[in-house]
Amino acid sequence: MHVPFCVRKCAYCDFVSSPLADAGGLVPSYLEAVKLELERAAPRIRGIAPITSVFIGGGTPTCLPLRELESLVAMLAQSAAQAPGATGEIEFTVEANPATISRAGLSRLRRAGVNRLSIGVQSLDPRELAVLGRVHTAEQALSAVDDARAAGFENISVDLILGAPGQTPDSLRRTLAGFLALDRPPEHVSAYCLQLETGTPLERSVSLGETTVPDADDTAKLYEVVVEALSRAGYARYEVSNFALGGRECVHNLGYWRGGMYVGLGPAAHSHLPSSLATLDLGSAAATEPMPSWVRSWNTASTQEYVRKVMSRESPEDGRETLDAEAEARDRVMLGLRTAAGVDLHEIDAECGTDLSASLMPLMRERQTQRLVEIDGARVKIAPQAMLISNLVLVDSLR
Ligand code: SF4
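Cut-off values and rules
- Residues numbered from 1 in each chain as written.
- Predicted model: local features only at pLDDT ≥ 70, side-chain atom pairs only at ≥ 80, totals over all residues.
- Heavy atoms only, no water.
- Helix = DSSP H or I, 4+ residues; strand = E, 2+ residues; numbered from the N terminus.
- Rg over C-alpha atoms; globule rule 2.2 N^0.38 Å.
- Buried < 20%, exposed > 50% of the residue type's maximum accessible area, 1.4 Å probe, protein only.
- Contact = heavy atoms within 4.5 Å.
- Areas by Shrake-Rupley, 256 points an atom, 1.4 Å probe, with all protein chains shown as cover.
- Lys, Arg positive; Asp, Glu negative; His and termini not counted.
- Charge placed at Lys NZ, Arg CZ, Asp CG, Glu CD.
- Domains from an automatic or database assignment.
- Buried area = accessible area lost by both parts, 1.4 Å probe.
- Salt bridge = Lys/Arg side-chain N within 4 Å of Asp/Glu carboxyl O.
- Polar contact = N/O pair within 3.5 Å; in protein donor to acceptor, adjacent residues only side chain to side chain.
- Core = buried A, V, L, I, M, F, W, Y, C linked by side-chain atoms within 4.5 Å.

1. Notes on the overall build of the protein chain
The helix and strand inventory of the protein chain stands at 17 helices and 16 strands. Compactness check: the protein chain gives a C-alpha radius of gyration of 21 Å against a globular reference of 21 Å for 399 residues, within 12% of the reference. Oriented by its inertia axes, the alpha-carbon framework of the protein chain measures out at about 55 × 55 × 45 Å. With 399 residues in all, the protein chain has 53% of them scored as buried. Taking the intrachain contacts of the protein chain between residues at least 6 apart in sequence as the baseline, contacts between residues at least 24 apart amount to 70%. Counting only carbon and sulfur atoms, one obtains 52% of the accessible surface of the protein chain, whose full area is about 17,600 Å². A gap of 3 Å separates the mean positions of the 38 positive and 50 negative side-chain charges of the protein chain.

2. Some points on the domain arrangement of the protein chain
Domain annotation for the protein chain reports domain 1 (2–254) and domain 2 (342–398). Placing a centre on the C-alpha atoms of domain 1 and another on those of domain 2 gives a separation of 30 Å. Its largest share of buried area at the contact with domain 2, domain 1 owes to Tyr 223, Arg 237 and Val 240, together 78% of the area lost on that side. Viewed at the interface, domain 2 and domain 1 are joined by zero salt bridges. Remark: the boundary between domain 1 and domain 2 carries one residue pair in polar contact (both at pLDDT 80 or more).

3. Describing the nonpolar core
Counting 97 residues, the largest nonpolar core has Phe 5, Leu 337 and Val 380 as its most contacted members. Residue contributions to this core reach at least three from each of two domains, namely domain 1 (2–254) and domain 2 (342–398). Setting aside residues no more than four positions away along its own chain, Phe 5 makes contact with Ser 17, Ser 18, Leu 20, Ala 23, Leu 26, Val 27, Tyr 30, Gly 59, Thr 60, Cys 63, Leu 64 and Thr 303. Listed in part, the nine residues of the second largest apolar core include Cys 10, Cys 13, Ile 161 and Leu 202.

4. Quick word on unusual backbone geometry
The peptide bond linking Gly 58 to Gly 59 adopts the cis configuration, its omega dihedral lying at 20°. Along the chain, Gly 59 turns up in the loop between strand S4 (53–58) and helix H4 (66–82). Its identity as a non-glycine residue notwithstanding, Gln 122 has a phi of 75°, on the positive side. Within the secondary structure layout, Gln 122 lies in strand S6 (residues 116–122). The backbone of Ala 268 shows a phi angle near 65°, a positive value even though the residue is not glycine. Checked against the element boundaries, Ala 268 lands in the loop between helix H11 (251–257) and strand S11 (270–274).

Given below as structure tokens:
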């Protein structure tokens, strides 16, 4: 579920989110619409059973009024619980900005059923935070982890940015050390490279020469700093940019990388479903024929348009792409190769009804001689030392 509001816009952000000051009036109608969309999505949600994860992201979900966020959590938890086949506790994540949470509020979210908190930190360096336009301080970021612990969260993730203006290996080491020195460091770290998105204030400032960002080589060094510091602290890199302690990999993201089914709700939310489910609306029965194709679809990115459509009982879908079995299988290879476990080409062929391994294996063997991938039977994975240039291999898989 996508929440399209933030306290204010960060300098580098082109996600679908509006500052509350500009969009505050839209919050009640957004909440009404997203609840209605959730109700109408019930048949599709039941169709993807068993549900393994729920994720409320954004934007900044925690900038919503707490009572409203609790109510969304309760509705989603109930919807997931009603889907058949659920076993045990599912992963339920909410994204949070350190400036928008309190210990008491986090306790309420925990009681409502949220069991994983993903805290957007990006850096603990005050200058980096300022140039990125973050609304929180380094102290607030560290307190957020402590508050989440006190509220009973056993599964906490922090997001970091690599390649922020002025960031150096030393400043990044200090950021990492800040978290690793906590009594209980976060179980999960995501470290993504900064993308200069066209039209953002940071991109304009860089193109005018007012601000400089680390170049590709320097960013590669920053990545190595993260890999080294987190490995030393016991984290496993299970995906190019994601690290987990004690097996706390993100179930939700693994679902994306393994080609799983998902239903997205809210403006700009994406779904990935077999075609038999993608067209299901309230009241119709799930089709039982084999799955000949897959559908990726996305909702309109305009919150106003989203609200208007949902409230007038129209679909908020803005576009869709139908993938035949071959395209679906190639997508799964591309996504799966991001993970340290890689992909089993025979498994993907069996799931999609394709014969992709026959055409891909020669390419992969070529990459193996270049020490870019490792092959074990039908399983192919990016060689650890090649994670940084893994895109080369990903492109191969799509040829
Ligand atoms: S908090 Fe996240 S979604 Fe909101 S403006 Fe900043 S980067 Fe974008």
